[in-house]
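Topology and contacts: notes
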Amino acid sequence: MMMQIVRIFLSILLILGFTQCAENPVSKESKSDALKGVLANNAMVVSARKEASEIGVAIMNKGGNAFDAMVATHFALAVAYPVAGNIGGGGFTVYRLANGEKGTYDFREKAPLSAHRDMYLDEEGNVIDGLSTLGALAIGVPGSVGGIFEIYKAHCTLPFQELIQPAIDLAKRGVVVTENDEEALHYYAPFFKEANKGDIFLNRDWKQGDTIKYVELAKTLERIRDNGVEEFYEGYTAKMMIEKVQELGGILTEQDLKAYNVKKRDPLVFKFRDFEIISMAPPSSGGICLAQILKSLEPYKLEKLSHNSPEYIQLLVEAERRSYADRAYYLGDPDFVEIPQEELISAEYLNDRMSSFNWTYATPSTTVSHGLIEVVESDQTTHYSIIDPFGNAVSVTTTLNGGFGSKVYVEKAGFFLNNEMDDLSIKPGVPNMFGLVGAEANAIEPEKRMLSSMTPTIVEQNGNLKMVLGSPGGSTIITSVVQNILNVGIFNMGMQESVSKSRFHHQWLPDEIKFESQFDTLNFAQLREKGYKIDHSNARIIGKVDAILVLENGLLEGGADPRGDDTAIGY
């Protein structure tokens with residue numbers, strides 16, 4: 001029964017709408033053509049909600065930089081988009097400064113100190129359905145607030161109070177319920193009740209057009225404004241969080257919160273054609289998988305393949321299949337396991353991996369394991385992209401994991417907590433809620449950061465800023481980012497045209513190609529003849545990419561994914 005609930009839960013994650021919402025305060029002309037994105041001369045924010053994009057742009061209009069806008073946008077999404085925007089989750093930031101300097105911040109959640117590898121197994125060693133996805137035991141130590149403050153100290157220029165105040169005002173004023181919000185709130189209502197052992201205020205019968213005021217969240221943000229990062233990890237907010245979690249049988253403690261730390265990591269940087277790709281290194285799998293897939297494609301004449309043709313789909317699928325097999329075996333938290341990063345993305349290794357590819361038939365996943373590399377030791381998410389007037393760019397992906405995370409709601413503080421523990425290998429060889437299989441490298445250990453598919457990415461061309469992009473979507477994040485880089489870089493699409501295109505996905509296991517419901521089915525017969533299994537389920541959505549493209553004339557084109565309420569705003 002629980003597995004049925006989980007499957008339904010995954011389906012609803014993929015439903016949320018096909019209505020585009022994009023505004024351009026500068027150029028109305030761009031709105032007349034669905035394939036053209038929002039254009040701006042100076043700065044741009046593309047995020048999951050109009051309110052958040054407006055707040056980020058307003059900060060840059062006041063003289064703030066991309067990092068100031070990031071702080072403001074992040075807190076605004078915690079208010080306007082609680083299904084994934086958060087202060088109770090974590091994420092990654094990739095940045096590129098105007099002078100070309102690159103870096104990343106890892107504020108991924110961590111396993112609590114008392115977590116252990118068998119915590120989701122019964123006495124016979126079998127996985128207990130739902131324990132790692134719903135309720136207090138699913139919660140990892142949140143990193144979002146710590147990450148925001150680390151980035152603020154290093155890069156921001158405006159007073160912190162000015163950056164968080166718009167989100168406080170929004171929480172008090174209220175957020176208008178969209179059609180997608182109504183669907184999500186109605187669907188998740190019974191899960192809220194189960195996880196919290198009773199109703200929360202979001203269990204009301206909310207309708208499109210209603211306004212939800214987040215009074216307790218406003219108070220929490222005010223405390224963070226006045227008391228700093230310590231408020232979330234050691235203050236009243238921390239006490240309310242721990243009280244709620246332990247009341248529901250969770251293992252999160254005050255010591256866990258005090259021990260949390262943000263990591264500044266080197267980005268994963270690699271060449272693809274005349275592009276330099278800057279992405280996130282482990283514990284994100286995004287950068288390595290992105291590099292493996294694109295570099296596996298490099299020897300092929302992609303320009304001679306029609307976009308989304310059977311041959312194009314086949315080639316990408318075979319590269320993805322091999323990359324996701326490696327992901328399952330090798331990748332985890334680099335503070336706990338040694339990852340052969342350079343070998344995994346080397347041309348020699350990838351050419352060898354692709355040597356078994358044959359145009360005439362599919363390579364069964366049962367015959368594709370991880371590659372032979374000697375090692376000494378063994379998805380509801382949201383993305384936003386920002387470019388400022390000074391030439392700085394940030395790409396941020398943040399998450400609670402599932403929609404509304406664990407569904408545990410800290411009523412006295414007004415926010416949801418994540419269910420990121422499911423992103424660790426709850427039992428090596430058993431798939432998580434996104435169908436991803438993990439191994440020993442990602443096994444549960446105290447303070448380990450969970451392997452993630454989040455792929456915040458920045459692209460340069462000939463040394464100049466070209467693209468800022470990323471996506472939510474669990475295991476489909478990586479393939480969504482790959483296809484948008486190819487759409488622009490190989491097929492010369494604009495940003496809005498690119499993010500609006502139908503997408504497909506393969507992740508090694510299960511051995512099937514997932515297609516969005518609007519995908520052209522004429523290609524399926526040829527793929528089936530070669531042995532490919534097709535999943536063309538109704539209402540499937542693969543990623544929701546929010547991206548910015550720097551045009552040759554210097555204008556910024558925002559691409560807001562029409563699969564959600566996503567909005568691009570610039571000036």
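Going by what an unreviewed UniProt entry lists, the protein chain is known as Glutathione hydrolase proenzyme and is assigned to Namhaeicola litoreus. Of the protein chain, the UniProt comment under Subunit (unreviewed entry) reads exactly: "This enzyme consists of two polypeptide chains, which are synthesized in precursor form from a single polypeptide." As stated in UniProt under Pathway (unreviewed entry), the record for the protein chain gives "Sulfur metabolism; glutathione metabolism."

For the rest of this paragraph, the subject is the packing of aromatic side chains. A full pass over the atoms with the stated rule returns 31 aromatic pairs. Ring centres of F192 and F404 lie 5.0 Å apart, and the angle between their planes is 90°; on these two criteria the pair is classed as edge-to-face. Judged by relative accessible area, F192 falls into the buried class, the value being 0%. Between Y409 and F416, the aromatic rings sit 4.7 Å apart at their centres with planes inclined by 55°, giving tilted as the arrangement. Across this residue pair, the class does not change: Y409 and F416 are buried. Linked through ring pairs, Y187, Y188, F191, F192, F201, W206, Y214, F404, Y409 and F416 together constitute an aromatic cluster. Lying across the ring of W206, R204 places its NZ or CZ 3.9 Å from the centre. The ring of Y105 has K264 lying over it, and the distance from NZ or CZ to the ring centre is 5.3 Å.

Here we have seven strands laid out as an open sheet, ordered β7-β4-β3-β11-β10-β2-β21, and antiparallel in their pairing. Two strands in the sheet have a free side with no partner beyond their single neighbour: β7 (263–265) and β21 (567–570). Taken over all neighbouring pairs, the strand axes of this sheet differ in orientation by 15° on average, direction set aside. Bridge count between strand β2 (residues 44–47) and strand β10 (residues 380–387): three bridges; the pairing is antiparallel. Paired with M44 across the two strands is I387, which belongs to β10. The strands touched by helix α3 (residues 66–80) within the sheet are β2, β3 (90–96), β4 (102–107), β10 and β11 (393–401), with β10 carrying the most contacts at an inclination of about 150°. Of the strands in this sheet, β3, β4 and β11 are in contact with helix α4 (residues 144–155), which crosses β4 at around 150°.

This part is about the pairing of strand β15 (residues 464–469). Among the six residues in β15, five count as buried, and that is most of the element. Connecting the antiparallel pair strand β14 (residues 457–461) and β15 is a turn made up of two residues, with N462 showing a positive phi of about 55°.

Take the sheet that holds strand β20 (residues 556–560) next. Read from one edge to the other, the open sheet built from seven strands follows the order β1-β20-β19-β15-β14-β9-β8, with strand pairing classed as antiparallel. Strand pairing shows two members of the sheet lacking a second neighbour, β1 (38–40) and β8 (268–272), which therefore form its edges. Pairwise comparison of adjacent strand axes, ignoring direction, gives a mean angle of 20° for this sheet. As paired elements, β8 and strand β9 (residues 275–279) share five bridges and run antiparallel to each other. By the bridge assignment, F272 is partnered in β9 with F275. In this fold helix α11 (residues 286–297) packs onto β8, β9 and β14, with an angle of close to 15° to the strand it touches most, β8. Together, β8, β9, β14, β15 and β19 (546–550) form the strand contacts of helix α15 (residues 477–489), whose direction differs from that of β15 by roughly 140°.

Pairs of packed helices are described in terms of their axes, by the angle between the two and the distance that separates them. Axis separation between α11 and helix α12 (residues 310–330) bottoms out at 9 Å; the angle between their running directions is 145°. In this structure, the crossing between α11 and α12 has a hand that is right-handed. Only L315, L316, A319, E320, S323, D326 and R327 of α12 make contact with α11, whose side of the interface consists of C289, Q292, I293, S296 and L297. For the contact of α11 with α12, a count of residues per class yields six nonpolar, three polar and three charged.

Before going further, it helps to examine the pattern of salt bridges. Tallied over the full model, the rule gives 35 salt bridges. Residues E276 and K102 are paired through a salt bridge, measuring 3.6 Å at the closest nitrogen-oxygen approach. Of this pair, E276 sits in strand β9 while K102 sits in strand β4; the two residues are 174 residues apart in sequence, bridging distant segments of the chain. Overall, E276 belongs to the buried group, its relative accessible area being 18%. When its relative accessible area of 26% is taken as the criterion, K102 is described as partly exposed. Across the pair R449 and D106 runs a salt bridge whose closest N-O atoms are separated by 3.7 Å. As far as burial versus exposure is concerned, R449 and D106 are alike and both buried. Among the charged side chains, a network of salt bridges with common partners joins R96, K102, K271, E276 and E460.

What counts, and at which threshold
- Counting restarts for each chain, with residues numbered from 1 along the sequence as it is written.
- Whole-chain, interface and lining totals are the exception, using all residues; otherwise, since this is a predicted model, local features are given only for residues with pLDDT of at least 70 and side-chain atom pairs are given and counted only at 80 or more.
- The side-chain values count all of the structure's non-hydrogen atoms but skip hydrogen atoms and water molecules.
- UniProt positions are given in the numbering used here, feature names are shortened, and annotations may be inferred rather than shown by experiment.
- Aromatic pairs are defined between Phe, Tyr and Trp rings, using the six-membered ring for Trp, whenever the two ring centres lie within 6.5 Å; interplanar angles under 30 degrees are classed as stacked, those over 60 as edge-to-face, and all others as tilted.
- Think of it in three bands: with a 1.4 Å probe and only protein chains considered, a residue is buried below 20% of the maximum accessible area for its type, exposed above 50%, and partly exposed in between.
- Put simply, a charge is over a ring when the Lys NZ or the Arg CZ is close to the ring centre, within 6 Å, and near the line of the ring normal, within 35 degrees.
- We treat two strands as partners when DSSP finds at least two bridges between them.
- Runs of H or I in DSSP of at least four residues are treated as helices and runs of E of at least two as strands, each being numbered from the N terminus.
- As a rule, the C-alpha atoms of each element are fitted with a line to give its axis, helices using only the stretch in contact, and angles between N-to-C directions run from 0 to 180 degrees.
- Two residues form a contact once any of their heavy atoms are found within 4.5 Å.
- By definition, any crossing whose near helix is turned counterclockwise from its far helix by less than a right angle is left-handed, and any crossing with a clockwise turn is right-handed.
- By the convention adopted, Pro, Cys, Tyr, Trp, Phe, Met, Ile, Leu, Val and Ala count as nonpolar, Lys, Arg, Asp and Glu as charged, and the other residues, Gly among them, as polar.
- Any carboxyl oxygen of Asp or Glu within 4 Å of a side-chain nitrogen of Lys or Arg constitutes a salt bridge here.

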